[in-house]
Amino acid sequence: MSIDNDFKDYFPNPIKTIISSAVSSVSGIPQSDIYQNLQEPPDSAIGDYGWPCFSLAKIKRKAPPVIAAETAGIIKPHSIIEKVSSVGPYLNFTLNQKATIQTVCENIFAQNEKYGSANIGSGKTIVIDYSSPNIAKPMGIGHLRSTVIGAALKRIYQYLGYKVVGINHLGDWGTQFGKLVAAYRRWADQKAMDDDPIKELYRLYVKIHEEAENDQSLEDESREIFKRLEEGDPEITALWRKFIAISKLEFNRLYNLLGITFESEAGESFYNDKLEHTVKFLEDKGLTKISREALIVPLDEFKLEPLLLKKRDGSSLYGTRDLAAAIYRYETYKFDLILYVVGVAQTLHFKQLFKTLELAGFEWAKDCRHVSFGWVTLGGEMMATRRGNIFFLEDVIEQTIARARAIISQGNPDLENPDEVARKVGVGAVVFSDLAVRRDTDVSFEWERMLDFDGQTGPYLQYAHARICSLIRKYGKEPDGRADYSMLKFPEEFSLAKKLLEYPDKIKSAAELNEPYIISAYLLDLAGLFSTYFQKYKSPADKIISDNSELTKARINLAWCVRVVLKSGLDILGIDALEKM
Ligand code: ARG
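Each value, and the rule that gives it
Residues numbered from 1 in each chain as written. Predicted model: local features only at pLDDT ≥ 70, side-chain atom pairs only at ≥ 80, totals over all residues. Heavy atoms only, no water. Salt bridge = Lys/Arg side-chain N within 4 Å of Asp/Glu carboxyl O. Helix = DSSP H or I, 4+ residues; strand = E, 2+ residues; numbered from the N terminus. Buried < 20%, exposed > 50% of the residue type's maximum accessible area, 1.4 Å probe, protein only. Phe/Tyr/Trp six-rings, centres within 6.5 Å; stacked < 30°, edge-to-face > 60°. Pairing = 2+ DSSP bridges. Expected span 1.5 Å × (residues − 1). Arc of directions from axis to C-beta.

A. How the structure looks around the pattern of salt bridges. Counting across every chain of the model gives 39 salt bridges. With a closest N to O distance of 2.6 Å, arginine 321 and glutamate 268 form a salt bridge. Of the two residues, arginine 321 is situated in helix H13 (residues 318-333) and glutamate 268 in the loop between helix H11 (234-258) and helix H12 (275-284); the sequence distance between them amounts to 53 residues. Owing to a relative accessible area of 5%, glutamate 268 belongs among the buried residues under this scheme. A salt bridge links glutamate 276 to lysine 310, with the nearest nitrogen and oxygen atoms 3.4 Å apart. Taken together, the residues span a long stretch of sequence, with glutamate 276 in helix H12 and lysine 310 in strand E8 (residues 307-310) at a distance of 34 residues. Since its relative accessible area comes to 22%, lysine 310 is described here as partly exposed. Among the ionic contacts, a cluster of salt bridges with common partners joins Lys499, Glu502, Lys506 and Asp525.

Right, here's the structure in full:
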């Protein structure tokens, strides 16, 4: 199976569903095509949704404007669709404000935190390989981005009913462990190992790489040690395990801070006993060749460099382990889709991997995707977190939290739990920075920017949420969804309702494109609309809470719906929706 057709007939927006079904019945064009192509006209005076008539014009062999006008004449208005009209090739639909606000609010009240969720994925499994840092090195800022994107995708798919298996493919095997053991034996400082083991390991790692450049005997020794590790030498194995334990402790601190979990932590070494079988399988299929004493899968026919299976000395490689891992994962989870959330630098690797799986005859090779992302850099002041010649992610996050703490104590000195709030705001700022742009766009971390409470940031969204919470506290009652929505006459109230209506489709597109940014951008729009609305009306009668209790009720209900959607979106992105800040 695969997930390819899961989205086609999923129509989560009830109003677009009504429109597309009406157009489909008069035109004979499949509803999914219409639903998908409904657009927002540039000016809402023209309509709230528009459909370009080109495909229909082709079928009817008439000019698109003629078809648009004819079709507009035969579609009957509906309680929600006030007017059907045409402008040029577009068929336009104008919604009734009251009916729209009522429909969306009732929907959100009925579904609450499940609004936008679905069960289109029920019975299907998606494997997501994310984070996957390397043992004995500090987790890099690129691994953070993989972690944040992968975890968001996991929640997006879970929201749509898929079973998701998150895998941390730890880099815990490879010739570098021979080097590390050699370095440890020569230069390890036991006191440093006790005080800051990850840093000491990293020092050893850097030192041996430097020294080995001019000393062939170190290379040979390291290779020899790795060979003994592969053969199971107990002493070397014990050291290797020690290195893993040290690194994992460090990684887990970060995962706890960010609220990250995995269903499996099978790292590269997990596949050691499966490599021979995998290689033999490929050899039997006639896919391999010896080239300069190494065993490769030639891929020049596909304009790709060969995939390396075995080095001259017989040792396996990253790609060999990924092949075994993919096969094992399919056998174990029978996935419908597997995502590898890994930086753009590994594009070639994944092309080679997927092509080899396809050549080996695995039908599921088409369900493998490299969800790549751009580079992450640290800007200006963040450089100060360097220790040695690398950034320690934890330092960056801790500093962000400290700065958030300072901003918060200035803005709201009476907050009861400032440390907890600062931690959530700091983490929210870091997480959002990785999701604030499309995956393929590079990002630069800068404190000023990521902690700007008025900017395109996580804290801005958290603040918008907290502000609505405070409004509802002030109102004093939990809204129940019942209100006379015809009282909501402001254009901003209509815009907010239409924005809320879009949320489920945003979840859908975020999944279709593996792009959590769609949700980030949407939340910024929603929060922006709310804040304009909130700030625009200053006179006592126009404020959200006024003397008119019926009107207040309707407005609070709408605000409550905005809160539900902000919280849902923030949860999916991995950011805490704060009630006070
Ligand atoms: N550990 C690798 C690195 O840091 C990333 C692993 C990604 N996952 C995979 N199955 N290859 O570059």
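So much for the structure itself; the text now carries on.
B. Region of interest: the packing of aromatic side chains. Enumeration over the complete set of coordinates arrives at 26 aromatic pairs. With a centroid separation of 5.1 Å and 90° between ring planes, the pair formed by tryptophan 173 and tryptophan 240 is classed as edge-to-face. Remark: tryptophan 240 occurs in helix H11 and tryptophan 173 occurs in the loop between strand E5 (163-167) and helix H7 (176-187); sequence separation between them is 67 residues. Judged by relative accessible area, tryptophan 173 falls into the buried class, the value being 5%. Its relative accessible area of 8% is what places tryptophan 240 among the buried residues.

C. Structural view of the pairing of strand E4 (residues 125-129). Among the five residues of E4, five are classified as buried, and the element is accordingly described as predominantly covered. Burial along E4 is two-sided: the face carrying Thr125, Val127 and Asp129 and the face carrying Ile126 and Ile128 are both buried. Pairing of E4 with E5, which is carried by five bridges, proceeds in the parallel orientation. Each residue of the ladder has a partner; that of isoleucine 126, found in E5, is valine 164. Note that E4 and strand E9 (residues 337-343) share four bridges and pair parallel. Of the residues in E9, the one forming a bridge with isoleucine 128 is leucine 339.

D. Summary view of helix H10 (residues 216-230). In a regular helix each residue adds 1.5 Å, so 15 residues correspond to 21 Å; H10 covers 21 Å between its end C-alpha atoms and thus fits that length. Listed as buried for H10 are Leu218, Ser222, Ile225, Phe226 and Leu229. For H10, the angular spread of the buried residues around the axis is 100°, confining them to a single face. Remark: glycine 232 follows H10 within two positions and exhibits a positive phi of approximately 90°.

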